[in-house]
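Overview (structure and organization)
Chain by chain, the residues:
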Amino acid sequence: MIAIVKYNAGNIRSVKNALDRIGVESVITDDPKELREAKKVIFPGVGEAGTAMRYLKDRGLDEVITSLKQPFLGICLGMQLMCAHSEEKDTDCLGIFKENVKKFPPKGIVPHMGWNDFIKVEGSLFEGISTTENMYFVHSYYVEVGPDTIGETDYLVPFTSALQKDNFYGVQFHPEKSADVGRRLLENFLEL
């Protein structure tokens with residue numbers, strides 16, 4: 001069973017629908033027992049960092065998430081919340097990754113919305129995916145490039161489009177909205 005973390009952040013249904021299309025059974029839950037027992041966990045999100053972290057802390061999910069040992073994938077806000085700190089509402093996050101989340105500089109159109117490719121990709125999450133392939137992005141904040149970066153993209157500044165440390169993976173883009181290449185990435189995660 002794949003668990004999708006429920007924490008009052010949007011886009012959860014889109015992720016569930018993408019898994020349904022692949023033929024993978026999943027459950028949307030904020031139950032610590034179900035999260036611990038899941039084969040894999042997906043942490044989606046569209047929303048605001050401060051409110052989302054407050055929800056996680058109020059239910060003890062911050063401690064549950066950081067203790068998980070199975071493959072874990074954060075998407076968009078989910079990835080950002082796995083970082084150390086976000087400039088959005090000056091929010092301390094889960095601290096799984098040391099990288100910080102910054103607001104895009106006001107020198108172009110924000111949010112970064114639409115299709116974009118990669119400067120680099122590496123690791124098993126990107127098996128069969130090249131730098132020239134496009135994923136769908138929607139975000140006003142970005143993760144700095146750092147030691148856990150396995151995918152890098154450029155929009156106004158170079159930024160982290162994917163992270164990995166131990167069993168934890170994160171992607172800034174939305175694989176569930178990225179057509180065949182997004183499906184391939186989800187399948188790669190499910191095969192970890």
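For the structure, check the block above.
Below, the structure is looked at part by part. (Residues numbered from 1 in each chain as written. Predicted model: local features only at pLDDT ≥ 70, side-chain atom pairs only at ≥ 80, totals over all residues. Heavy atoms only, no water.)

**Comments concerning the pairing of strand β2 (residues 26-29)**
Across 4 bridges, strand β1 (residues 2-5) lies against β2 in parallel orientation. Bridge pairing in β2 links I4 to I28. Each parallel crossover has a hand, and the one from β1 via helix α1 (residues 12-22) to β2 is right-handed. (Pairing = 2+ DSSP bridges. Helix = DSSP H or I, 4+ residues; strand = E, 2+ residues; numbered from the N terminus. Right-handed = clockwise from strand over helix to strand, strands pointing away.)

**Examining the environment of D117**
With respect to the helices and strands, the residue D117 is situated in the loop between β8 (112-116) and β9 (120-121). A relative accessible area of 32% means that D117 is categorised as partly exposed. As a C-alpha pair, D117 and M135 span 18 residues in sequence and 6.4 Å in three-dimensional space. Once residues lying within four places of it in the same chain are set aside, the contact partners of D117 are T131, T132, E133, N134 and T153. (Buried < 20%, exposed > 50% of the residue type's maximum accessible area, 1.4 Å probe, protein only. Contact = heavy atoms within 4.5 Å.)

**What to know about helix α6 (residues 179-191)**
A rise of 1.5 Å per residue sets the reference length of α6, with its 13 residues, at 18 Å; its end C-alpha atoms lie 19 Å apart and thus fit the reference within 8%. Every buried residue of α6 is accounted for by V181, G182, L185, L186, N188, F189 and L190. Summarising the contacts, the buried residues of α6 are in contact with β1, α1, β3 (40-43), β4 (72-75), β10 (135-139) and β14 (168-171). (Expected span 1.5 Å × (residues − 1).)

**Structural notes on the environment of V15**
Along the chain, the position of V15 falls in helix α1. Using a relative accessible area of 2% as the deciding quantity, one classes V15 as buried. Sequence-wise, V15 and H174 are 159 residues apart; in three dimensions their C-alpha atoms are separated by 8.9 Å. When near neighbours in sequence (up to four residues on either side) are disregarded, V15 contacts I4, I42, P44, I75 and E176.

**Quick look at the pattern of salt bridges**
For the structure shown, the criterion picks out 7 salt bridges. Salt-bridge contacts for E87 lead to K102; the nearest nitrogen and oxygen are separated by 3.7 Å. With a gap of 15 residues between them, E87 in the loop between β5 (85-86) and β6 (91-92) and K102 in strand β7 (residues 100-103) connect regions that are remote in the sequence. Judged by its relative accessible area of 39%, E87 falls in the partly exposed class. Among the salt bridges present, the one from E122 reaches K120, with a minimum N-O distance of 3.8 Å. With a relative accessible area of 38%, E122 lands in the partly exposed category. One network of salt bridges, in which partners are shared, links E87, K102 and E144. (Salt bridge = Lys/Arg side-chain N within 4 Å of Asp/Glu carboxyl O.)

**Topic: α1**
Looking at α1, one finds that the buried residues are I12, V15, K16, A18 and L19. Mapping the buried residues of α1 onto a view down its axis gives an arc of 160°, with all of them on the same face. In this structure, α1 carries R13 and R21 as exposed residues pointing more than 90 degrees from its buried face. Elements that come into contact with the buried residues of α1 comprise β1, β2, β3, β4 and α6. (Arc of directions from axis to C-beta.)

**Topic: the side chain of S26**
Inspection of the secondary structure assignment puts S26 in strand β2. Taking the relative accessible area as the measure of exposure, S26 reaches 8% and is therefore buried. Setting aside its immediate chain neighbours within four residues, S26 contacts M1, I2, I4, K16, L19 and D20.

**A word on the side chain of T91**
Inspection of the secondary structure assignment puts T91 in strand β6. In this structure the side chain of T91 is engaged in a polar contact, spanning 2.7 Å, whose partner is the backbone oxygen of E88. When residues no more than four places from it in sequence are discounted, the contact partners of T91 are A49, G50, M53, H85 and S86. (Polar contact = N/O pair within 3.5 Å; in protein donor to acceptor, adjacent residues only side chain to side chain.)

Fair warning: the whole summary comes from geometry, so function is off the table for now.
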